[in-house]
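Observations on chain architecture
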Amino acid sequence: MQLRVETKALVDAGRLLGSHADRLRDQSQQCARIAEALHDPTLVHGGRLLADVAADLLEVVAMDLDLLAGRVQTGAVVYDRTEIAVRRSEGG
């Protein structure tokens, strides 16, 4: 049985996850603008609270994506090194 892992695809997937994390952080920073469009003080207060919750949620998801990106890229390196070691042990 031969198992082969496309490490380039894993590295690309890791980069994509990192890119999505960056976008979520940008959106998290934009949440502060939600209350700017409101005029009623009660709505402004509620808008700020909602924006804070949304920003926190986006930041947590971004952190998770960063962790996943790191694990995927580390996994790619491990697969690559394992494949090289197996080839060497087989004389190839």
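This text follows the structure it describes.
In this text the structure is predicted, and so the values were computed from the model without any measurement.

Here we look at the overall build of the chain
- Secondary structure summary: the chain contains 2 helices and 0 strands in total.
- The C-alpha atoms of the chain give 21 Å as radius of gyration, which overshoots the globular expectation for 92 residues (12 Å, by more than 25%).
- Principal axes of the C-alpha set define a box for the chain whose edges measure 75 × 15 × 15 Å.
- Within the chain, the fraction of its 92 residues that count as buried is 20%.
- Long-range contacts, defined here as pairs at least 24 residues apart, represent 82% of the contacts in the chain between residues at least 6 apart.
- Only carbon and sulfur atoms are counted for the fraction: they give 59% of the accessible area of the chain, which is about 7,100 Å².

Considering the nonpolar core
- The biggest cluster of nonpolar side chains holds 8 residues, and these are Ala21, Leu24, Cys31, Ala51, Ala55, Leu58, Ala62 and Leu65.
- Looking at this core, the elements that each hand over two or more residues are α1 (7-30) and α2 (41-89).
- Residue contributions to this core peak at 5 residues, all from α2.

Here's the deal with the pattern of salt bridges
- Per the counting criterion, the structure on display carries 5 salt bridges.
- A salt bridge links Arg15 to Asp12; its shortest N-O distance comes to 3.8 Å. Residue Arg15 and its partner Asp12 are both found in helix α1; the two are separated by 3 residues, about one turn of the helix.
- The network of salt bridges with shared partners includes Lys8, Asp12 and Arg15.

Topic: α2
- An ideal rise of 1.5 Å per residue puts 72 Å on 49 residues; α2 measures up with 71 Å between its terminal C-alpha atoms.
- Looking only at α2, the buried set comprises Val44, Gly47, Ala51, Ala55, Leu58, Ala62, Leu65, Ala69, Ala76 and Glu83.
- Against the buried residues of α2 lie α1.
- You can read the cap of α2 off the contacts: a side-chain oxygen lies 2.7 Å from the backbone nitrogen of Thr42, and it is on Asp40.
- Of the residues one or two after α2, Gly91 is the one with positive phi, at around 85°.

Scoring rules and cut-offs
Residues numbered from 1 in each chain as written. Predicted model: local features only at pLDDT ≥ 70, side-chain atom pairs only at ≥ 80, totals over all residues. Heavy atoms only, no water. Helix = DSSP H or I, 4+ residues; strand = E, 2+ residues; numbered from the N terminus. Rg over C-alpha atoms; globule rule 2.2 N^0.38 Å. Buried < 20%, exposed > 50% of the residue type's maximum accessible area, 1.4 Å probe, protein only. Contact = heavy atoms within 4.5 Å. Areas by Shrake-Rupley, 256 points an atom, 1.4 Å probe, with all protein chains shown as cover. Core = buried A, V, L, I, M, F, W, Y, C linked by side-chain atoms within 4.5 Å. Salt bridge = Lys/Arg side-chain N within 4 Å of Asp/Glu carboxyl O. Expected span 1.5 Å × (residues − 1). Polar contact = N/O pair within 3.5 Å; in protein donor to acceptor, adjacent residues only side chain to side chain.

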